[in-house]
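# Topology and contacts: notes
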Amino acid sequence: MDLHDKEILPGEILPVVIIGNGPSGICLSYLLSGYTPYLSPEASHPNPLLHGKLGEQPHLSLLEQDLEYLCEGLEGRSSNPVAVLFDSLLLPDSDFGLDYTSPLEWRYEPERAIPHLVLGKGPPGGAWHAMEGSMLTLSLANWMELPGLKLKDWMRDKRRNVRNDRATPAEIASYYQHYVSQMSLEQSFACGTTVTSVTRQPGSQEGSPPCWRVTGLQRREGEELGDGSSMSEEVPFSLLAHNVVLATGTHDIPARLSVEGESLPFVCHSFWELEAAISRGELDQSSDPVLVVGAGLTAADAVLAAHHLNTPVYHAFRRSVTDPGLIFNQLPKLLYPEYHKVHQMMTQQQHRPSPDHAQDLRDPSNPSSLPPSSSTTSSSPSSYPGYLSFPRSRVVAFRPDKKCVLESDSGQRTVVQVSKALVLIGAHPNLSFLEDNGRPLGINPNETITCRRNPIEVDPFTNSVVAADGPGLYAMGPLVGENFVRFLKGGALAIASDLAKRQREGGRSEEGDLTTDRLMDRWVDRQVTTQMAAEVCVLDS
C-alpha cells in the first residue's frame, strides 16, 4: 500500500497500527481480518483436559473464550502460556514428532474484522528477506508456517523433489510474502516505511480521546529515468491510532562483545559476512581457523558452513554444553539433526589444555598459544577433525595480527591464530522510535531490550505492555522473548482476543474514530492520488 494513495484526515483515529511485517505482524493481521478459529465438531485433541475445556462452549470462537482458563495445566517449550496453548492447538504433540491433525477449523467472518495497518521496512516477511542468500537450509517441521496455508503443501506446488523436512530461508521469505497475497491481506500492509516516533497523545478539548501518534517516513519510487532506473524519495507521515502493536523482531542491531580490537576488519558480526567470504573463495581447508563466538543457531550455522568447506573452526561460548538454557538442549533431535550434530561437536571436541601447556592466564603477558593445527580434545581419535570448542570461555581481545585471546572461567588464557572471527551472540531490536530505545518497557528498565535477557514485559494473557504510558500498547514475537515462529503465533492470539473483547465492550466508539465500513472502503479504493498536502497524514509501512 502506498500511503500517498490514501488520505487520513486530521483528527481521525485508526483502530490498530502494527509496527513490523514479519511473521508476527502477518499472523496478527490474519486474525484481525476476520479469520476466526473454532473447535471443529469432528475433531479431538490428544490432551483430554484441554479438549474437555474447549468442548464446554463449542459455539464460541477461540477469540471469545477465557484464554487464562484454557491455559491452566498446559506445559510446553515456551514460558508464555498463550503461546503454549495456541501451539498445542495448531500442532498437537509436535514436540514428540507426531503429526496430529489440528482440532481447529478456520471460518472467515468479515464482520469480526478490525481495521488495521501493518508497517514494514521491506516486503512482507520481515527479516527473512535479509536471509535470502543463505546456502544453508532450515528444518521445516511445520513450525514456521502460519494458520491456513500448509508450508509443505506450498513447497510442493513451488518445486519438484521436495525433501519434506528442509527449506531454504529464501523459500520461507517467499512463503510469508505469498501468504499475505493468498489471504488477501495486502490492503492492510504498507511497505517501505520506517517509523521514527511513537508517543502518547493526550485528548483534545474538542472531545477526542487520548491515543497514540505514529510518525515516520515512507520510501516511494519516483519517475523513471532514461536508463530504466527510478529516483526514490522518502515522504513523511503522521497518524493517530487507538492501539499500537510492537512486532519489529530483534534482528536489527548485532550484539557486540565490547572488547579490545572488535572493530578490526577480520572481525565480523553477521553470518552473511561469512557467506560473502566463502563466495569470494577466501576460505578453504588450507585457511587458518575461523573463530565462531556464540552458542545460538546462527553460530551453529556458521560452524556447519565452515566445516562443510573443511575450514578449521574454533568455537568459543560462555555456557556449559550441558546448560539447560543452551538452545541445542531444547530442540528435538529428530527435527533438527544438523544442530544436534553441532552440539555433539561442542561436547566431544573440547579444548583440554595440558598442565604443562596451559598457563595461569591471569597473567595476560604470558598466555598459552594454540597453533592452528592443535586439537587437544576430550576424545581420541577425533570424531570431527578440524573443530575445537572452548566452553565456558570468553574473548578477551582481538589483535591486529589476527590472534585472539580467549579466557576460560577458571582464568586460563589461550591465544589462537585465525583467518576470521565471527561474533554471533544475538542482536538487539531497533526501538529508537520509543523513549530511551524502549528500555523503560523492559523487565529490567535499566537494561537494553533483548529477546533472551530483557524482553518487553507484557501481560501474559493479553500481551499488553505493562509499563506503557497508556492503554493500547502491545508487544509480541522476539520482543517478548519468542524467537520461534511456532510460539509467536500465541502473541497474535492474545492480542486479537483482547482487541475483540474491547470491541465487544464498545471501546472503539469514541468520537473521532474511523468506523470499520469507512476505513475498509478506503482500503479497497486504491485510486492513486497525485496531490500532496503538508497536512495530509501518509500511512506508515
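These lines cover the structure that appears in this document, whether it is placed above or below.

Basis of the calculations
- All residue numbers refer to positions counted from 1 along the written sequence of the respective chain.
- Only residues with pLDDT of at least 70 get local features here, since the model is predicted, and only at 80 or more are side-chain atom pairs given and counted; chain-wide, interface and lining totals rely on the full set of residues.
- Hydrogens and water are ignored here; the side-chain numbers use all heavy atoms of the structure.
- In this text, helices come from DSSP runs of H or I with a minimum length of four residues, and strands from runs of E with a minimum of two, each type numbered from the N-terminal end.
- Only the protein chains shown count as cover for residues, and the accessible areas themselves come from Shrake-Rupley with a 1.4 Å probe.
- Note on pairing: DSSP must find at least two bridges between two strands before they are called paired.
- Within this document, salt bridges are pairs made up of a side-chain nitrogen of Lys or Arg and a carboxyl oxygen of Asp or Glu, the two lying within 4 Å of each other.
- Only protein chains enter the area calculation, which uses a 1.4 Å probe; residues under 20% of their type maximum are buried, those over 50% are exposed, and those in between are partly exposed.
- Note on contacts: a residue pair qualifies if any of its non-hydrogen atoms lie within 4.5 Å across the two residues.
- To define axes, lines are fitted to C-alpha atoms, for helices over the stretch in contact only, and angles between the resulting N-to-C directions are given on a 0 to 180 degree scale.
- Between 65 and 115 degrees an angle is taken as roughly perpendicular, under 35 as roughly parallel, over 145 as roughly antiparallel, and anywhere else as oblique.
- When residue character is reported, Ala, Val, Leu, Ile, Met, Phe, Trp, Tyr, Cys and Pro are called nonpolar, Asp, Glu, Lys and Arg charged, and the others, Gly included, polar.

### Here's the deal with the overall build of the protein
In terms of helices and strands, the protein carries 11 helices and 22 strands. With an accessible surface of roughly 24500 Å², the protein has 48% of that area assigned to carbon and sulfur atoms.

### Brief notes about the sheet that holds strand β13 (residues 290–293)
Spatially, five strands are ordered β12-β20-β13-β14-β16 in an open sheet, and the strand pairing comes out parallel. Unpaired on one side and paired on the other, β12 (267–268) and β16 (387–390) mark the two borders of the sheet.

### Structural notes on the pattern of salt bridges
Applying the stated criterion across every chain yields a total of 13 salt bridges. The salt bridge involving K420 is made with E282; its shortest N-O contact spans 4.0 Å. Of this pair, K420 sits in strand β20 (residues 420–423) while E282 sits in the loop between α7 (271–279) and β13, and the two are 138 residues apart along the sequence. Residue class for E282 comes out partly exposed when judged on its relative accessible area of 38%. Two residues, R392 and D409, come together in a salt bridge whose shortest N-O distance is 2.8 Å. Of this pair, R392 sits in the loop between β16 and β17 (393–398) while D409 is found in the loop between β18 (403–408) and β19 (413–417), placing the two residues 17 residues apart along the sequence. Residue R392 is classed as partly exposed on the basis of its relative accessible area of 45%. Shared partners join several salt bridges into a network, and the residues in it are E64, E109 and R112.

### So, the environment of G126
Its place among the elements puts G126 in the loop between β4 (116–120) and β5 (138–139). Not counting chain neighbours up to four residues away, the residues in contact with G126 comprise N21 and G22.

### Digging into the packing of helix α5 (residues 151–158) against helix α6 (residues 169–182)
Working note: a packed helix pair is described by the angle between its axes plus the distance between those axes. Following both chains from N to C, one finds α5 and α6 inclined at 105°, their axes separated by 11 Å at the closest point. Accordingly, the angle class assigned to the pair α5 and α6 is roughly perpendicular. When α5 is examined against α6, the residues L151, W154 and M155 are found in contact with a partner set consisting of E171, I172, S174, Y175 and H178. When its residues are assigned to classes, the contact of α5 with α6 shows five nonpolar, two polar and one charged.

### Quick look at the packing of helix α8 (residues 297–308) against helix α9 (residues 337–348)
Running from N to C, α8 and α9 cross one another at 80°; their axes reach a closest spacing of 10 Å. Put simply, α8 runs roughly perpendicular to α9. Here α8 contributes L297, A300, D301, V303, L304 and H307 to the contact with α9, which in turn contributes E338, Y339, K341, V342 and M345. Looking at the contact of α8 with α9 residue by residue, the class counts come to seven nonpolar, one polar and three charged.

### Considerations on unusual backbone geometry
Look at S184: it is not a glycine, yet its phi comes out positive at around 60°. Among the residues examined, S184 registers a relative accessible area of 43% and is labelled partly exposed. In this structure, N437 takes a positive phi of about 55° despite not being glycine. Along the polypeptide, N437 turns up in the loop between β21 (427–428) and β22 (473–475).

Bear in mind that shape data such as this cannot, by itself, settle questions of function.
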